[in-house]
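Close look at the chain arrangement
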Amino acid sequence: MTTKRVVSGIKPTGNLHLGNYLGAVKQWVAMQDAIQAEGGETLYFIADLHGLTEWIAPADLTANTIEMTATLVAAGIDPSRSILFNQARVTAHSELGWLLNNVARVGWLNRMTQFKDKAGKNREGASVGLYDYPVLMAADVLLYNTTHVPVGEDQKQHLELARDIATKFNTDYATDLFTLPEPLVSAAAPRIMSLRDAGAKMSKSNPSEQSVVKLIDSDEVIADKFKKAKTDPDLLPASVDELAERPEARNLLTIFAALADRTPQDVLNDFAGKGFGAFKPALADLAVAKLRPIRDEMVRLLDDRAAIEAILERGAEQARLLAAPVLRDAQAAMGLLR
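This text gives an overview of the structure that appears in the document. Position labels on residues start from 1 in each chain and follow its written sequence. Given that this is a predicted model, residues contribute local features only at a pLDDT of at least 70 and side-chain atom pairs are listed and counted only at 80 or more, while totals for whole chains, interfaces and linings are drawn from all residues. Hydrogens and water molecules were not included; the side-chain quantities draw on all heavy atoms of the structure.

What follows covers the packing of helix α3 (residues 92–101) against helix α12 (residues 305–333). Here, axes are lines fitted to C-alpha atoms. For helices the fit covers the stretch in contact, and angles between N-to-C directions go from 0 to 180 degrees. Elements are defined by DSSP. Helices are runs of H or I of four residues or more, strands are runs of E of two residues or more, and each kind is numbered from the N terminus. Closest axis-to-axis distance for the α3/α12 pair is 10 Å, and the angle between their directions is 25°. One element, α3, and the other, α12, form an angle in the roughly parallel class. α3 and α12 meet at a crossing whose hand is left-handed. On α12, the residues that touch A92, E95, L96 and L99 of α3 are A323, L327, A330 and Q331. Think of it as three bins: nonpolar holds Ala, Val, Leu, Ile, Met, Phe, Trp, Tyr, Cys and Pro, charged holds Asp, Glu, Lys and Arg, and polar takes everything else, Gly as well. A breakdown of the residues in the contact of α3 with α12 according to their chemical character gives 6 nonpolar, 1 polar and 1 charged. These descriptions rest on fixed angle ranges, namely under 35 degrees for roughly parallel, over 145 for roughly antiparallel, 65 to 115 for roughly perpendicular, and the rest for oblique. By the definition used in this description, the sense in which the near helix is turned from the far one sets the handedness, with an anticlockwise turn below a right angle giving left-handed and a clockwise turn giving right-handed. Whether two residues are in contact is decided by their heavy atoms: any pair within 4.5 Å suffices.

See the structure below:
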């Protein structure tokens, strides 16, 4: 039986918030435990090369990479169990990305909806990297004979592209080098919305500080943001279905359930018939209790940058050992090695 190998990356955006944690990082921690319990492997990387697709000050990219690493470790990614590294330290990502550029088709990239969304009306002014980054994403995955990739709805198209590139490479060069990765969809991954407008995702780019709970926020700030979160005047109902037209209430319930590792319906069973005067303080207390240990560990880790650099270098060395034979075989298949 093939060993399950999961690979996933996250861009070093800085100032991670509750939506990032519940929607991705918490899922990675759960995946680390579940996959390894099955005898599989997990590789997580900071996608700093992808961070270059839109201009960022060099000092900010460096600082964000360190902060992201500290956040992942503080949240439960164990560098002694998972391979944790930043993309730029493993040059095989860039090298394989260029090789795959010659297999991928322009028509395939033209269909990528995320480029259209990110470039907006200024497509001619967007970087080539922003247009081409799905091919680098394919290299990120194919480089490690990955069997499964965690994906949300917005990433399924990119995984399909990786499979198309792998299939064409294997066909064009008469090889079975690349494994076709399967999607790993976590039903538990919630979509966390703004605390001020439940029609928009929680985002650090929102001009309202009250809309987003940052992992670095103090206990007092976290509690205050939840207590001031937008709601409606109605009492909480007995069933989740009754919240269909109440987005703010549904969002707060989703956050409570995700933090407590309970189902939304289970949480409602405790609060049905009660108002937000009771619910929001309970949610604030829960959020503070869950996020405080992560914040405190982040702060401790960020005081020792050398230790974080050592974690990344150790993980990169492990990743290089896995990537080297795959890159070499790809080069040989294409006639680049004698």
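From this point, the discussion proceeds with the structure in view.
When you line up the elements, E248 lands in helix α9 (residues 247–260). There is no salt bridge for the buried E248, and the closest opposite charge comes from K230, which lies 4.0 Å off by N-O distance. In terms of polar contacts, E248 uses its side chain to reach the backbone amide nitrogen of A198, at 3.5 Å. Each residue is placed in one exposure class: buried if its accessible area under a 1.4 Å probe, protein chains only, is under 20% of its type's maximum, exposed if it is over 50%, and partly exposed if it falls in between. Note on charges: Lys and Arg go in the positive column, Asp and Glu in the negative column, and His and the chain ends are not counted at all. Should a side-chain nitrogen of Lys or Arg be within 4 Å of a carboxyl oxygen of Asp or Glu, the pair is scored as a salt bridge. Whenever two N or O atoms come within 3.5 Å, that pair is a polar contact, provided that in protein one can donate a hydrogen and the other can accept it, and provided that, for residues adjacent in sequence, both atoms are side-chain atoms.

Two rings from Phe, Tyr or Trp (for Trp, the six-membered ring) form a pair when their centres sit within 6.5 Å of each other. Planes less than 30 degrees apart are called stacked, planes more than 60 degrees apart edge-to-face, and all others tilted. On inspection of all chains with the given rule, the structure shows 10 aromatic pairs. Measuring from ring centre to ring centre gives 4.9 Å for F169 and F178, while their planes differ by 65°; the resulting arrangement is edge-to-face. For F169, a relative accessible area of 0% puts it in the buried group. Consider the rings of F276 and F279, whose centres lie 6.0 Å apart with planes at 90°: the pair is edge-to-face. Within this pair, F276 and its partner F279 are both found in helix α11 (residues 276–302), separated by 3 residues, close to a single helical turn. In textbook terms, an aromatic cluster arises when at least three aromatic residues are bridged by ring pairs, as seen for F256, F271, F276 and F279.

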